[in-house]
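# Coordinate analysis (summary)
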Amino acid sequence: MTTRRSFIINTSLAATAVLALPSLAFSMNKKEIGLQLYTLRDELPKDVKSTLEKVAAAGFTTVETYGFSIKDQFWGLSPIELKKILDQNGLKAVSGHYNLGSFLADGNTTELLAAIEAAKVLNSEYLTIPWINEPFRKNIADYKIIASRLNQAGKACANAGLKLAYHNHDFEFQKHDGITGYEILLKETDKDLVYFELDLYWVVHSGNDPLKLFTANPGRFKMWHVKDMDKKNPALNTEIGSGSVDFKRIFKEAKLSGMKHFFVEQENNYNPNPFESIKASCDFISKNLI
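Each value, and the rule that gives it
Residues numbered from 1 in each chain as written. Predicted model: local features only at pLDDT ≥ 70, side-chain atom pairs only at ≥ 80, totals over all residues. Heavy atoms only, no water. Helix = DSSP H or I, 4+ residues; strand = E, 2+ residues; numbered from the N terminus. Buried < 20%, exposed > 50% of the residue type's maximum accessible area, 1.4 Å probe, protein only. Contact = heavy atoms within 4.5 Å. Phe/Tyr/Trp six-rings, centres within 6.5 Å; stacked < 30°, edge-to-face > 60°. Pairing = 2+ DSSP bridges. Axes fitted to C-alpha atoms, helices over the stretch in contact; angles between N-to-C directions. Expected span 1.5 Å × (residues − 1). Arc of directions from axis to C-beta. Left-handed = near helix turned anticlockwise from the far one by under 90°. Nonpolar A, V, L, I, M, F, W, Y, C, P; charged D, E, K, R; others polar. Salt bridge = Lys/Arg side-chain N within 4 Å of Asp/Glu carboxyl O. Core = buried A, V, L, I, M, F, W, Y, C linked by side-chain atoms within 4.5 Å.

Summing up its helical and strand segments, the chain has 13 helices and twelve strands in all. Considering the chain as a whole, with its 290 residues, one finds that 50% of them fall into the buried category. Summarising the internal contacts of the chain: among those between residues at least 6 apart in sequence, 77% fall at separations of at least 24.

Here we take up the packing of aromatic side chains. Scanning all chains against the criterion turns up 17 aromatic pairs. Measuring from ring centre to ring centre gives 6.4 Å for F74 and Y98, while their planes differ by 75°; the resulting arrangement is edge-to-face. Pair noted here: F74 is in the loop between β2 (62–65) and α4 (79–88) and Y98 is in the loop between β3 (92–97) and α5 (101–106), with a separation of 24 residues, a long-range link. An identical accessibility class is assigned to F74 and Y98; each is buried.

This paragraph deals with the sheet that holds β2. With parallel pairing, the eight strands of this closed barrel are ordered in space as β1-β2-β3-β4-β5-β8-β9-β12. Neighbour-to-neighbour, the strand axes of the sheet open up by a mean angle of 30°, direction not taken into account. Note: strand β1 (residues 34–36) against β2, three bridges, orientation parallel. The partner of L35 across the bridge, within β2, is V63. Contacts from helix α7 (residues 140–159) reach β4 (126–129), β5 (163–167) and β8 (194–199) within the one sheet, and its direction differs from that of β5 by about 145°.

With that out of the way, let us pick up helix α13 (residues 274–288). Taking 1.5 Å per residue as the helical rise, α13 with its 15 residues ought to reach 21 Å, and the 21 Å between its terminal C-alpha atoms agrees with that figure. Of the positions making up α13, those classed as buried are P274, F275, S277, I278, S281, C282 and I285. Taken around the axis of α13, the buried residues stretch over an arc of 160°, which confines them to a single face.

Their axes nearest at 9 Å, the elements helix α3 (residues 48–57) and α4 cross at an angle of 35°. Relative to α4, α3 is oriented so that their crossing is right-handed. Two secondary-structure elements touch here, α3 through V48, K49 and L52 and α4 through L82, I85, L86 and Q88. In the contact of α3 with α4, the residues fall into five nonpolar, one polar and one charged.

By the secondary structure assignment, K227 is in the loop between β9 (223–226) and β10 (228–229). When the C-alpha atoms of K227 and F247 are compared, they prove to be 9.4 Å apart, with 20 residues separating the residues in sequence. When neighbours within four sequence positions are excluded, K227 is seen to be in contact with D199, Y201, W202, N237, I240, V245, F247, E265 and E267.

Another aspect to go through is the environment of I240. Counting through the fold element by element, I240 comes out in the loop between β11 (237–238) and α11 (247–251). Excluding anything up to four places from it in sequence, I240 contacts V226, K227, D228, F247, V264, S281, F284, I285 and L289.

Okay, the pattern of salt bridges next. A complete count under the given rule lists ten salt bridges for this structure. As a salt-bridge pair, E267 and K227 come within 2.8 Å of each other at their nearest N and O atoms. You can see E267 sitting in the loop between β12 (261–264) and α13 and its partner K227 sitting in the loop between β9 and β10, a full 40 residues away along the chain. Classification of E267 as partly exposed rests on a relative accessible area of 21%. Judged by its relative accessible area of 1%, K227 is buried.

With 79 residues, the main nonpolar core has Y98 and W224 as its most contacted residues. Residues in contact with W224, not counting those within four places in the same chain, are E197, L198, L200, F214, I250, F251, A254, S257, M259, H261, F262 and F263. Listed in part, the six residues of the second largest apolar core include Y126, A165, Y195 and F263.

On a regular strand, one side chain projects to one face of the sheet and the next to the other, so that they alternate. With six of its six residues buried, β8 lies for the most part within the structure. Of the two faces of β8, the one carrying V194, F196 and L198 and the one carrying Y195, E197 and D199 are both buried. Summarising the sheet, β8 and β9 pair through three bridges and their orientation is parallel. By the bridge assignment, D199 is partnered in β9 with H225.

Here it is in structure tokens:
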């Protein structure tokens, strides 16, 4: 595992080489490995401090939060309290998933403004919308409304010094009169206000190719969810490198994607437990992908 001291030394020595060989910029700058904390959703509410200590010990340097609510904040902790624990463990919350269901449904900004404030306290770069409730994504008109709301949220985030991102599942790739919801979102959103976090598992699960998305929309996918697919049961996840997703092929096109950050996520099928699973994924990525 790269130590802080060796990272600083290596970065300094590499600076000239990176300038001379721009193609190396990605590999030199992407030694960070992130974790979507939803992976540890059964552990975090029990003991946030201990769980985040184990995340750092497994080799992760960045995280993506989830589960914020106005009432309960982050698992009973205020953003200030969570930021303190993250800092103590050398972790940065680059992004957070904030469920803005009411905003996407009717434009009510209460959730959005609360999410922006929490993300600012955590010193996050991205505020990410992870989901569209089913009643509001049934047709082309619905997706056009969502795109308009994403533009609105993107402007509010930009005014607050944040960036807005949208995270996909597989339902966005269903066609409506010959066009997918995802195509509508990409076309109808302002590329300077709305960024995309591509969940690689869900893209592959839907029968699509991430590289074709990169080629058609270069630079728009600033973040990835790196989540592998079980070889025997595609509905299940598995540790990175143990499944059927060809991550080596995908990581080679990181520059085309525009990817700046990525987060490991595993929602189920841990072997033998979540902490061992995230370490196995982190180790594989460090040795084979970056």
